[in-house]
Structures are given as C-alpha cells and as structure tokens.
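Listed below, chain by chain, are the residues.
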Amino acid sequence: MNRLKYHARVMGEGQPLIFLPAGGFSGVEGLNIAESLSDHYECHLLDLPGMGKSDGIKGKVTLRKMADWLKGYIEQKKFEKVTLVGHSMGGGIGLCFASVYPDKINKVVLLDQGHKRIPRFPVSDMGVMGYAAPFISGLEALFGDRFIKKLARFWESDASDEEKEKQLKYFCEKVGLKENDYIRKAFAEDVKFTPEGLRLMIGYYRLNLPRHLAQLTVPTLLIYATFINHDQKESQRTAKAIEKLKRNLAFDSPLMLHGMNSHHYLHWADLDCLDIIKKFLLNSETLAI
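Structural notes, computed from the coordinates.

### What about the layout of surface pockets?
Computed from the structure, the second largest pocket encloses a volume of approximately 230 Å³. Taken together, 13 residues line the second largest pocket, and the ones lying closest to its centre are His-115, Arg-117, Pro-210, Ala-241 and Lys-244. Residue assignment for the lining of the second largest pocket shows that the elements contributing at least two residues are α10 (209–214) and α11 (232–248). When residues of the lining of the second largest pocket are assigned to their parent elements, the largest contribution, 6 residues, is made by α11. In terms of residue class, the lining of the second largest pocket is built from 4 nonpolar, 3 polar and 6 charged.

### Things to note about the environment of Tyr-204
For Tyr-204, the location among the structural elements is in helix α9 (residues 195–205). A residue is classified by how much of its surface remains accessible, and Tyr-204, at 6% relative accessible area, is buried. Separated by 114 residues in sequence, Tyr-204 and Gly-90 place their C-alpha atoms 9.8 Å apart. At a separation of 3.0 Å, a polar atom in the side chain of Tyr-204 contacts the side chain of Gln-113.

### Remarks on the packing of aromatic side chains
By the definition in use, this model includes 11 aromatic pairs. A ring pair is formed by Tyr-6 and Trp-69, whose centres lie 5.2 Å apart and whose planes are at 50°; its orientation type is tilted. Placement of the pair is Tyr-6 in the segment before β1 (8–11) and Trp-69 in helix α2 (residues 63–76), with a sequence separation of 63 residues. One exposure class covers both Tyr-6 and Trp-69, and it is buried. Ring geometry for Phe-171 against Tyr-265: centres 4.9 Å apart, planes inclined by 85°, an arrangement best described as edge-to-face. Within this pair, whereas Phe-171 is found in helix α7 (residues 161–175), its partner Tyr-265 is found in the loop between β7 (255–260) and α12 (266–269), the two being separated by 94 residues in sequence. On the accessibility criterion, Phe-171 (12% relative accessible area) is buried. When its relative accessible area of 13% is taken as the criterion, Tyr-265 is described as buried. Through a chain of ring-to-ring contacts, the aromatic side chains of Phe-25, Phe-171, Phe-187, Tyr-265 and Trp-268 assemble into a single cluster.

### Concerning the side chain of His-44
Structurally, the position occupied by His-44 is in strand β3 (residues 41–46). At 2.6 Å, the side chain of His-44 and the side chain of Tyr-73 are in polar contact.

### Structural notes on the sheet that holds strand β4 (residues 82–87)
Spatially, β1-β3-β2-β4-β5-β6-β7 is the arrangement adopted by the 7 strands of the open sheet, whose pairing is mixed. Every other strand in the sheet has two partners, leaving β1 and β7 as the edge strands with one partner each. Between one strand axis and the next, the sheet turns by 15° as a mean value, whatever way the strands run. Of the pairings in the sheet, the one linking strand β6 (residues 220–225) to β7 comprises 6 bridges and is parallel in character. Following the sheet pairing, Leu-221 is matched in β7 by Met-256. Its contacts with the sheet put helix α13 (residues 272–283) on β2 (15–20), β3, β4, β5 (105–111), β6 and β7, and the angle it makes with β5 is roughly 160°.

### Remarks on the pairing of β3
Of all the 6 residues making up β3, 5 are buried; the element is thus mostly covered by neighbouring parts of the structure. Judged from the 5 bridges that link them, β2 and β3 form a sheet pairing that is parallel. By the bridge assignment, Pro-16 is partnered in β3 with Glu-42. Following the backbone out of β2, through helix α1 (residues 31–37) and into the adjacent parallel β3, one traces a crossover that is right-handed.

What counts, and where the lines are drawn
- Residues numbered from 1 in each chain as written.
- Predicted model: local features only at pLDDT ≥ 70, side-chain atom pairs only at ≥ 80, totals over all residues.
- Heavy atoms only, no water.
- 1 Å grid on protein atoms, 1.4 Å probe; cavity = no way out; pocket = protein on both sides within 12 Å on 5 of 7 lines; lining within 4 Å.
- Points joined across faces, edges and corners; volume = space filled by probe spheres on them.
- Helix = DSSP H or I, 4+ residues; strand = E, 2+ residues; numbered from the N terminus.
- Nonpolar A, V, L, I, M, F, W, Y, C, P; charged D, E, K, R; others polar.
- Buried < 20%, exposed > 50% of the residue type's maximum accessible area, 1.4 Å probe, protein only.
- Polar contact = N/O pair within 3.5 Å; in protein donor to acceptor, adjacent residues only side chain to side chain.
- Phe/Tyr/Trp six-rings, centres within 6.5 Å; stacked < 30°, edge-to-face > 60°.
- Pairing = 2+ DSSP bridges.
- Axes fitted to C-alpha atoms, helices over the stretch in contact; angles between N-to-C directions.
- Contact = heavy atoms within 4.5 Å.
- Right-handed = clockwise from strand over helix to strand, strands pointing away.

Set out below in structure tokens:
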C-alpha cells in the first residue's frame, strides 16, 4: 500500500488535516474549506483512489481496503494522527478509516454523509447506471476486472473546455448554486475515471454507512443537508434517517449532529458551514448544535 502514488494539493500550516472529496471531483473541491482553516492546519486536498491523480485500489474494494488506502497516505507522510473532513463519497472513505483506525484520528467532520443508507438505485452518484447498480455489483463479484474494464468505458470522457463549462452551468442550475471561483476551479480539474474508480463506486455502494457512523468512537461532527425547500422527497428521507440514527446512538456517543437547510453541496451553498467546521475543530465545546 505504501508504494501507491497519491495526489494532494497542500496548503496552510499546523497539524495535518486531510480533505476527501465527493466522487467525480478532485481534492480541490475542498479549497474553500482549506482556505478557512489554513491558519491552523496543514490541509491536504487528496484525490480519491481511481478518480483523479491518485492510484486506485486493486481488486474488489472493501471497507478495510478503503481504510488501508488512506492509512497508506498517512504513513507516507509520517503523520501520527490526522483530522479528517470528507464530503459525500470522500466522507464514506473517511468513515471507513475512522471505523478501522480510530487511534490515528483527532477529529472527523462528515459533510452530508453517513446518516442515510446508499439508495438501492444510486442515480445521483452513478448517473443512469445507478438503475443497474445491484446487477453491476453482482457481475463485478462474479467476473472482477474483466467485467469492470468493459463497463468503465461507458464513463470514459475527455471533455473540452466548452463541455466543462456546460457541465458547470448545468450542475449549478440543478442544485441551485450561484457560480463562484471555487466551483469553477473544481470543474476545471481533470478528473480521470478509471476501472479502479468504478470498483471504488461499487465498494462504496455496498457499505452500510449508518451502522458504522453509530459505532464511531472518535469526536465526529456530521453536518447534514435537510433539503428543506430544495427537494421534498429527499427532505423527508433525511428526517427519517436522522431520527433513526439518534435512536441507535449510544448515550456517550462522540457524534454531534448539525442540520443545515441546504442541499448536498452545503459547503458551497452556505458560508456558515465553514464557520461550523472551524468551531468544531478548534473548540467543540463552544459549538451549539
């Protein structure tokens, strides 16, 4: 694992903090978070395995392999402990790491991740292929790399600058965001999709994230989107998931919850999100949620 190549943009000074992005984005997705914390942390905006410039995970992807992939980066950098901030799929990988290696972590921030089961048909993550996710998962288990290499061709693309601009505008209109420099920089990144990236998506699809979240033993802040005034169906699903999570938490759970009336990309939608992250990481006792 230590022979893998990792790619991260590093900025700031202080204790190490690793940001893990959503699927389809490079670590630059967390640029505004890193800038807000750069006076206190050395922020590593890390590309996910097989999605961007970091080497992918070989073979079938499991919770343990995701945790070990991140552990490999931490060992390469000779960090004793790290702080993790993860959004969406990146938060899922951070959650895997915190479950397996809690002694390697100071604190964790999860951005709209962990409280809801991944849908049986994860169209928002996999596009139209999400409708075939159960079928794809079964074939991947049976045929491995042979099947994945053929399927990955459907995700391959080499978008021009004009096409990226169209994707940016469509994304902002779809989720109700105003374009800004941070979003433009994230879309300008060349995020290569590989067969290993597809296997990461399938391994992520199989995770039971709420179960692992409820069992965490490290100080963790979950900032979740309520989707109120954005998506009524998702808002109802989120409310049910949060109530179920609260019922499953131990009395002494180190998990803190904060809901924001936003959508999935809450760190781009609401600047208050950055302040909440900073307060938790620098002094969680003063954070009222």
